[in-house]
Structures are given as structure tokens and as C-alpha cells.
Amino acid sequence: MLTSSSRLLRLLSLLQTRRHWAGAELAERLQVHPRTVRRDIDRLRELGYPIEASSGVAGGYAFRPGQALPPLLLDDDEALAVAIALRTAALGMVGGIEETALRAVVKLEQAMPSRLRKRADALRTTIIPLDSIGPVIDATLLAALASACRDQLSVRFSYTDIRGAASERWVDPQGVVHTGSRWYLVAWDRGREDWRTFRLDRIQPPATIGAHFAPRPGPDGGDLKAFVSRSLAVSPYPTQARIVLHAPREVMAQRIPAAYGLLEAIDDERCVLRCGAHALDHLTYWLLAFDVDFEVLEPVELKERLIRAGARVARSVGP
């Protein structure tokens, strides 16, 4: 049997892992009577934890947002994950939260037991991040868009596209996707009546949050990461290309990031790469860098550039 204090911590941990718990299920997990669970819930409420109770067949307990932030209960792995995330945030990928993230990680590491502090120090001293290659995102804008996605609230904002054209957009946001170097908002564009991706660094803050909208099925079956990858690989570019690669799709997928091109299997030995480019010369030398045979299906201009590049390489190495 758990002691009273240990049981309270265990109960708090369970409540934070799920949106709703049945009272009988909590009692079974804690190996106590349901009346004991009710008394422990009352104690947690006295400590400031916002726990709601519901009656009936589907009744139980739910951890809800409160007026103030009570202490959070984290296990060892969760505490390390939070510490790493805060240190990453302090490096400046999202603008405006560096100092706040640093203060938070200092508080967290001060509260860690010695065994966790040693692991956190090892991670901090051995993980050396590269300089950020993407633009810095406004933290307030990112939080506002994430909240609008969660609460299904429409958003209006000023946007500058890849060609530098400015426009006013009114969208129903679906989700925010990070590709590793940039942030993208996936949303239903009311003016275009279609799904669109918006780079967050091209959105002029502040965004205006509007009314609630009726949810709709997301693009690509709700796989927003796949939708963004497909949009980045093909849609923004004036020149589109299709190339047959003489290698299995699974092999090439390890070498070509999803945001760089779309791969479709032809058979067990070949696949088709669909990609775009602002300049065909860039695509020409990218293809030559692959140690794999290929055939250009389109455009014709890419074939011509490859012929010229091949002749230049042949001349450079001599007879």
C-alpha cells in the first residue's frame, strides 16, 4: 500500500496523463477504495489543482486548466525532455522567449535530484547545436496561431508570398508544422477556397483572431506533415521536373528529404522523383551528385543542361 503522500503524487501523475478518468479505474490503479480516491481528490483541490468531477455512468475526474499554474509532476525522462527543450528554445529559434526559457531551465535544474542534474549536465555539455539556418519566429505570433488551431478560431493576417506580393488572408487554421528550419501554418484559405501553407516568417504580426469555424477534414487525410512536404517539394517552384531514379524508393527516401521532392515507386528497382526548382542549373548539379542512374522525363530544358554539364565534365578530365 502506498503512503498518503506517495498516493497523492501517484494520483496527480495519473490525472495528468489522460483527459478523463473513471473513479473506479483510479481506485483500481491505486489499490484503494473509491472513497479514498474522493478524499485524495479533495486534498489535491485544496493544494490548487483544478480537478473536475462528473457523476453518472460515464462519471469520473478530469484535470482542467485553472486560474494559476500549480506544481507539475514530472518523471525523470519527462524532466530531462523539458530541460533539453528549454535549452533549445534559449538558443533563439523562436524570438522573444530566449531569456524566459533560460530562467525556466535554471529553476528546473535546481529542483532536480542529483542523479538527474548529472544527466542534464552531460547532455548540455555534449550536445553542440549548429547555428540556426532558418528565420527567427515571433513567439507571440506562434502561440496565437497554435491556440487558434486548437480552439478552431479563424485568423486574419497580412502575408507576403515567395514573389514578394503582399495580400490579406482570412483562414481557418488546421495546424502548425516545423520542418527543421522553418515553421508553416496549414489552413483553409477562405478567399482561395482551398488548403494552403503559410510560412510564419512571412506573416506580418499581429494576427487577428476571429470567430469559431466548423471543422473540416484536413488535407492528405489529416497528415499535415505530408501536405507541407508535398507543397514545398513541388508547388512553390516555377519549374517542375520528373525523373526516373534507378534505385528502390525506400533507398532514395533515405537520401532525399520529403520537402525536397516526392518519390513514387515504379517497381522494386525504380522510382519517380517529382520536384521543383527556381533554377534548373541547381537541379542539374543536384542530380549529378547522386550516385545513381536516372532518366529525365521532363522538362526538356533539364535534359539539355545535363548534356552540356556532362560534356563539360568530360572535357575537364581529358581523353
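Nothing here was measured: the structure is a model prediction, and the numbers come from that model.

Observations concerning the packing of aromatic side chains
For any pair of aromatic rings, the description consists of the separation of the ring centres together with the inter-plane angle of the planes.
Right, so step 1: Inspection of the entire model under this criterion finds 7 aromatic pairs.
Right, so step 2: Consider the rings of Tyr159 and Phe198, whose centres lie 5.0 Å apart with planes at 85 degrees: the pair is edge-to-face. Of the two residues, Tyr159 sits in strand 5 (residues 153–160) while Phe198 sits in strand 8 (residues 194–199), which places them 39 residues apart along the sequence. Of the two residues, Tyr159 and Phe198, both sit in the buried class.
Right, so step 3: Three or more aromatic residues link up through ring pairs in this structure, and these residues are Phe157, Tyr159 and Phe198.
Right, so step 4: Across from the ring centre of Trp170, 3.9 Å away, lies the NZ or CZ of Arg156, which sits over that ring.

Focus on the sheet that holds strand 9 (residues 203–212)
Right, so step 1: With antiparallel pairing, the 5 strands of this open sheet are ordered in space as 8-7-6-5-9. The strands lining the two open edges of the sheet, one partner per strand, are strand 8 and strand 9. Between one strand and the next, the sheet's axes are offset by a mean angle of 45 degrees, whatever the strand orientation.
Right, so step 2: Pairing of strand 6 (residues 166–178) with strand 7 (residues 183–189), which is carried by 7 bridges, proceeds in the antiparallel orientation.

Quick notes on the pairing of strand 10 (residues 239–245)
Right, so step 1: Pairing analysis gives 7 bridges linking strand 10 to strand 12 (residues 271–277), with the strands arranged antiparallel. Across the sheet, Val244 pairs through a bridge with Val272, a residue of strand 12.
Right, so step 2: Here strand 10 runs beside strand 13 (residues 294–298); their pairing, made up of 4 bridges, is antiparallel. Its bridge partner being in strand 13, Leu245 is matched across the sheet by Phe294.

Cut-off values and rules
Residues numbered from 1 in each chain as written. Predicted model: local features only at pLDDT ≥ 70, side-chain atom pairs only at ≥ 80, totals over all residues. Heavy atoms only, no water. Phe/Tyr/Trp six-rings, centres within 6.5 Å; stacked < 30°, edge-to-face > 60°. Helix = DSSP H or I, 4+ residues; strand = E, 2+ residues; numbered from the N terminus. Buried < 20%, exposed > 50% of the residue type's maximum accessible area, 1.4 Å probe, protein only. Lys NZ or Arg CZ within 6 Å of the ring centre and 35° of its normal. Pairing = 2+ DSSP bridges. Axes fitted to C-alpha atoms, helices over the stretch in contact; angles between N-to-C directions.

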